[in-house]
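# Chain and residue survey
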Amino acid sequence: MRTETTIQGLHAALSPVRASRKSIGFVATMGNLHEGHLKLVQEASQLCDVVVVSIFVNPTQFGPNEDFANYPRTFEADSNLLAEANCDILFAPSTEQIYGEQPQKTTVQVNSLADDLCGQTRPGHFTGVATVVTKLFNIVQPTVALFGEKDYQQLAIIRHLANDLCFDVDVIGVPTVRAENGLALSSRNGYLSEEELILAPAIYTTLQTIQAHILEASESGKIDFDGFAAEGRKVLENQQFAVDYVEIRNPDLTPAQVDQGKWVILVAAKLGKTRLIDNLTVTLPSA
């Protein structure tokens, strides 16, 4: 595995790849890697000739009271994991490489989607995500970019971004990787205490319960989306979660409509000081 820390170095490494018309798979990360990240890398290696993984803790997607300064930097361990997971090039730029030394005057905003759901309590977060992903797409120029479906709203935003800005890249979502107890793998799980780790899988259990309610109610054609979401919220609040939202939406994140036949249940909640997100798709047998 080759490691590059500058844009110029990465371009030099990818120049022969482009000259030989080989495909490039790209996985963007902030490091502190887990099996969910490695699944993205493995999928990329199956789809493409060359796999590039970035490790960059992006300051612009952290709010003023969030954990940028304390976000785990585990570069050596991450590098070893990537070398074992068929990563060909690790791109690990500095903040100066990505944003330069001048004040940034250009940002990328994905309208309406960025202000909904997580955007309501994390203003500016998705602008930071969209801006850095745009920069990384321009730098790497991948054939395929893979993102986890756990971050469902982020994936939707990146798909819109790639389409609206005419990036020649296929954005692929990869199913959420879970622990045996159902907890979605996340770098932020490391912030949870032992007691909180026992409670955290209740999010997935709640998602499954709402999914079962929707499937059962669909047989009568009367699905109480708001009622099921409110019930799920109450269940989590009774188990020490500070719930940001429990929402049921159409796959494009518009309000759920009965005639769709497919929906996504989304949850964001804090357990202690740790904010967790998860989602689960519901598809009717006839859809």
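This report concerns the structure included in the present document. This structure is a prediction, so every number in the text was calculated from the model and none was measured.

## Things to note about unusual backbone geometry
A negative phi angle is the norm for most residues apart from glycine, just as the trans form is the norm for most peptide bonds. The residue C166 is not glycine, and still its phi comes out positive at about 60°. If you trace the backbone, C166 turns up in the loop between α7 (152-164) and β6 (170-174). Of note, L253 is a non-glycine position whose phi angle comes to about 75°, a positive value. With respect to the element layout, L253 can be found in the loop between β7 (241-249) and β8 (262-271). For L253, a relative accessible area of 4% puts it in the buried group.

## With respect to the environment of K270
Tracing the sequence through the fold places K270 in strand β8. In this structure, the C-alpha to C-alpha distance between K270 and Q141, residues 129 residues apart in sequence, is 36 Å. Those residues in contact with K270 that sit more than four places away from it in its chain are Q240, F241, A242 and R275.

## A few points about the packing of aromatic side chains
Given two aromatic rings, one states the distance between the centres and the angle between the planes to describe the pair. Across all of its chains, the model carries seven aromatic pairs by this definition. Centre to centre, the rings of F62 and F68 are 5.3 Å apart; their planes meet at 65°, and the pair counts as edge-to-face. F62 sits in the buried class, given a relative accessible area of 11%. By relative accessible area, which is 27% here, F68 ends up partly exposed. Following the ring pairs from residue to residue traces out a cluster consisting of F26, F137, F147 and F167. Here the basic side chain of R73 rests over the ring of F68, its NZ or CZ set 4.8 Å away from the ring centre.

Conventions adopted
By convention here, each chain's residues receive numbers from 1 onward along its written sequence. Side-chain atom pairs in this predicted model are given and counted only at pLDDT of 80 or more, local residue features only at pLDDT of at least 70, and totals for whole chains, interfaces and linings cover all residues. By convention in this description, side-chain values take in all heavy atoms of the structure and omit both hydrogens and water. The secondary structure listing takes helices from DSSP runs of H or I that are at least 4 residues long and strands from runs of E that are at least 2 residues long, numbered from the N terminus. Throughout, exposure labels follow a simple rule: accessible area from a 1.4 Å probe, protein chains only, divided by the maximum for the residue type, with under 20% read as buried, over 50% as exposed, and the rest as partly exposed. Throughout, a residue-residue contact means that at least one pair of heavy atoms, one from each residue, lies within 4.5 Å. Two rings from Phe, Tyr or Trp (for Trp, the six-membered ring) form a pair when their centres are within 6.5 Å of each other. A pair whose planes differ by under 30 degrees is stacked, one over 60 is edge-to-face, and the rest are tilted. For a Lys NZ or an Arg CZ to count as sitting over a ring, it must be within 6 Å of the ring centre and within 35 degrees of the ring normal.

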